[in-house]
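Structural characterization, general
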Amino acid sequence: MGQKTNPIGMRLGIINNWDSRWFARKDYAKLLEEDLFIRKYLKKRLSQAGISKIVIQRAVSKVTVNISTARPGLVIGRRGQQVDQLRDELQHITKKAVFLNIDEVKKPDLDATLVAEHVARQLEQRVSFRRAMKKALASTMRSGAGGIRIVCSGRLGGSEMARTESYRDGRVPLHTLRAQIEFARATARTIYGTCGVKIWIFKGEILERPKGPDAPAAPAARNA
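A brief look at the structure comes next. (Residues numbered from 1 in each chain as written. Predicted model: local features only at pLDDT ≥ 70, side-chain atom pairs only at ≥ 80, totals over all residues. Heavy atoms only, no water.)

1. Brief notes about the packing of aromatic side chains
Tallying each qualifying case throughout the model produces three aromatic pairs. Centre to centre, the rings of Trp22 and Tyr28 are 5.4 Å apart; their planes meet at 50°, and the pair counts as tilted. Of the residues examined, Trp22 reaches a relative accessible area of 15% and is grouped as buried. Between Phe183 and Trp200 the ring centres are 5.0 Å apart and the planes differ by 45°, which places this aromatic pair in the tilted class. Remark: Trp200 occurs in strand β8 (residues 193-205) and Phe183 occurs in strand β7 (residues 179-190); sequence separation between them is 17 residues. Using a relative accessible area of 11% as the deciding quantity, one classes Phe183 as buried. Given a relative accessible area of 9%, Trp200 falls into the buried group. (Phe/Tyr/Trp six-rings, centres within 6.5 Å; stacked < 30°, edge-to-face > 60°. Buried < 20%, exposed > 50% of the residue type's maximum accessible area, 1.4 Å probe, protein only. Helix = DSSP H or I, 4+ residues; strand = E, 2+ residues; numbered from the N terminus.)

The following block contains the structure:
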């Protein structure tokens, strides 16, 4: 099952938390569609900023968007002009009060989303897929990861038939629920067609329940 299940969804409520942190009895579908639109809009609008994660929290008429990025300077802009413009655009779209929080990703080589997008970008620039994969493998392990697995599929190198190539270093225990595993997908749009990139990064084991705002909620007690 470890190969069939998304490693992030498999650990929700155990060591991972949801990226949309709100509850709604009515208009659930409408709010979920709005969340998806916000994420898609920010990813496209800040395509050069290295967006890793977007966490959305909601109150009655307030939306808080936490953006994790490898280049916070591009998101904030000179004297905060860019982030103010982004907030105004989102307020115009959602018709609600929007607050933006910008967090910096300290080690981009340990972030699965950023590594996958970097490999996909290299494939689009016609870099050898083996070279791109091995370089990402080495830089991630050098940054302190416990293990990494990279899978690329498609018409790699312009071959006539699509195939799948994978490289692995260290250990990636997909069945261990306490293992902190980041997983991400990216798509490289080459002149031969699209190539898919998948990344698994093992960052160690969590032996205690995480604490703080990003910690998952404790499971509800069951009556005997």
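Here the narrative resumes.
2. Looking at helix α4 (residues 81-94)
For α4, built from 14 residues, the straight-helix expectation of 20 Å at 1.5 Å per residue is met to within 8% by its first-to-last C-alpha distance of 20 Å. Residues of α4 that are buried include every one of Val83, Leu86, Glu89, Leu90 and Thr94, and no others. The buried side chains of α4 occupy one side of the element, clustering within an arc of 120° when seen end-on. For α4, the exposed residues lying more than 90 degrees away from the buried face are Gln81 and His92. Residues of α4 that are buried in the fold lie against α2 (28-45), α3 (72-76) and β4 (97-104). Immediately downstream of α4, the backbone of Lys95 shows phi near 60°, a positive value. (Expected span 1.5 Å × (residues − 1). Arc of directions from axis to C-beta. Contact = heavy atoms within 4.5 Å.)

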